[in-house]
Amino acid sequence: MNIQAPRGTRDLEGDLIARFQRLESVARRLFAVYGYEEIRTPMFEADELFTRSVGEVTDIVSKEMYAFTDRKGRKLALRPEGTASVARAFIEHGWASRGRTKLWYAGPMFRYERPQGGRYRQFFQVGVELLGVGTAAADLETIDLAARLLEELGIPARLRLNHLGCGECKSAYGAAVQAFFAARQEALCPDCRDRLRKNPLRVLDCKVETCRAAATGAPAIALCATCAAAETAVTAGLAQFGLEYDVDRRLVRGLDYYTGVVYEMTSAALGAQDAVLGGGRYDNLIEELGGPKTPAVGFAAGLDRLAQLLPETAAPAARRPWFYVIGLGAETQAPAAATTRLLRRVAISRGREEWVEADLQARSLKASLRRADKLAAEYAIIIGENEVVSGAATLRAMRTGAQAPLAILGRSPEEAAAAIETACGKLAAERV
Ligand code: AMP
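All values reported here derive from a predicted model rather than from experimental measurement. (Residues numbered from 1 in each chain as written. Predicted model: local features only at pLDDT ≥ 70, side-chain atom pairs only at ≥ 80, totals over all residues. Heavy atoms only, no water.)

Peer 1: Would you explain the overall build of the protein in this entry?
Peer 2: Regarding its fold elements, the protein presents 15 helices and 16 strands. Dimensions of the protein along its principal axes, counting C-alpha atoms only, are 90 × 55 × 40 Å. The burial tally for the protein puts 50% of its 432 residues in the buried class. Here the analysis covers contacts within the protein between residues at least 6 apart in sequence; of these, 69% occur between residues at least 24 apart. By element, 51% of the accessible surface of the protein is carried by carbon and sulfur atoms, the whole surface being about 21,200 Å². Counting 57 positive and 53 negative side-chain charges, the protein places the centres of these two groups 3 Å from one another. (Helix = DSSP H or I, 4+ residues; strand = E, 2+ residues; numbered from the N terminus. Buried < 20%, exposed > 50% of the residue type's maximum accessible area, 1.4 Å probe, protein only. Contact = heavy atoms within 4.5 Å. Areas by Shrake-Rupley, 256 points an atom, 1.4 Å probe, with all protein chains shown as cover. Lys, Arg positive; Asp, Glu negative; His and termini not counted. Charge placed at Lys NZ, Arg CZ, Asp CG, Glu CD.)

Laid out in structure tokens, this is it:
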């Protein structure tokens, strides 16, 4: 039997996991600075949550959702995105009374898309949601955070911005789009013919080649005075921040819940799948899901694509052991194990993530040192029978081969820490 990871999924390990960890730690730090709290929602939710929020005729729901029925006949779906779950939690826990709720999340999302470079069926997002505030200042806070995130990661990206209009300009726009495609119905896929009746803006977002071609020359949204002013408030703020942007009137985003300002960040260094982050306002979503009227804005960034773009220098260096403990002979196994435990306690109390490794295999000194070398350990700690008798292990600086006694066997972590300080200092001094 040869079982492989499902198509469109992958194991995150080695350099890739180091990149993901770096992305997550930078994101976590920035979200804290901007005052967002973490939320972890379930990876599956009621199917209806997504059909009602992301939208029934979107690609995400109609073609890409991992929907299933559980053993009791409940209709569930693996989450294709994070905002709907946050909105659900906001309503469920009655957070409207808080006035303002700022949340961030990170985790896997699932979409049955055709896998290709930068596109997976299980992919990872980090995102923020700012609920309860409908001002341009709130839009700007999330856009600034998005831009800051990419800047901190050293990833150049372009900000594209659009305004999807209020109910009125949106429905006028829908009618204009409907009229435009009415004459081109033959070129549309069957889904888009359906969309044209139910939700014409979705036709602009279809990925089918013929639909894309048919969309060339489609009208752009004409914003009413109020929406135009709302957009200007955001662009004026961006200018003040010194953030560059392009207004792109074709940017509709693939989810129905968006209203008002929407944005996307793209990287020229990626191929066809060039979007690294997308977001916008969704002022009606919470009410549509049965909650109180609550304006909201947020974004999600795709970690798989960001990981690909992370500069080499920003990825953490490979880890190497601080100490590699070698016990020589059957009699030394217990004291060597106790010494390893002690060294790990010292490492933990230093508050850093120093790695203490032990040779768990009974090998010759030569073979053990070879392994310490291979792992690029900074020091080897050698414990033979003489060392057990004297209570002092042999400390060896792997790079120079210099050795010194280290009296730590049976000592307290504090005593061991002091002895390490002295002995390592001595070896370092010998080197000069
Ligand atoms: P969306 O939730 O569609 O607005 O997407 C937000 C971000 O998630 C995108 O800009 C991508 O970076 C990322 N993303 C969306 N779908 C995928 C996918 N299938 N594979 C990898 N990343 C994705």
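From this point, the discussion proceeds with the structure in view.
Peer 1: Looking at this structure, how should I read the pairing of strand β12 (residues 321-327)?
Peer 2: The two faces of the sheet receive side chains in turn, since in a regular strand these alternate between them. Burial runs high along β12: seven of the seven residues are buried. The pairing of β12 with strand β13 (residues 355-358) spans four bridges and is parallel. Along β13, the bridge assignment pairs P321 with W355. Read from β12 through helix α12 (residues 333-349) to β13, the crossover connection turns out right-handed. As paired strands, β12 and strand β14 (residues 379-383) are joined by five bridges and run parallel to one another. Paired with F323 across the two strands is Y379, which belongs to β14. (Pairing = 2+ DSSP bridges. Right-handed = clockwise from strand over helix to strand, strands pointing away.)

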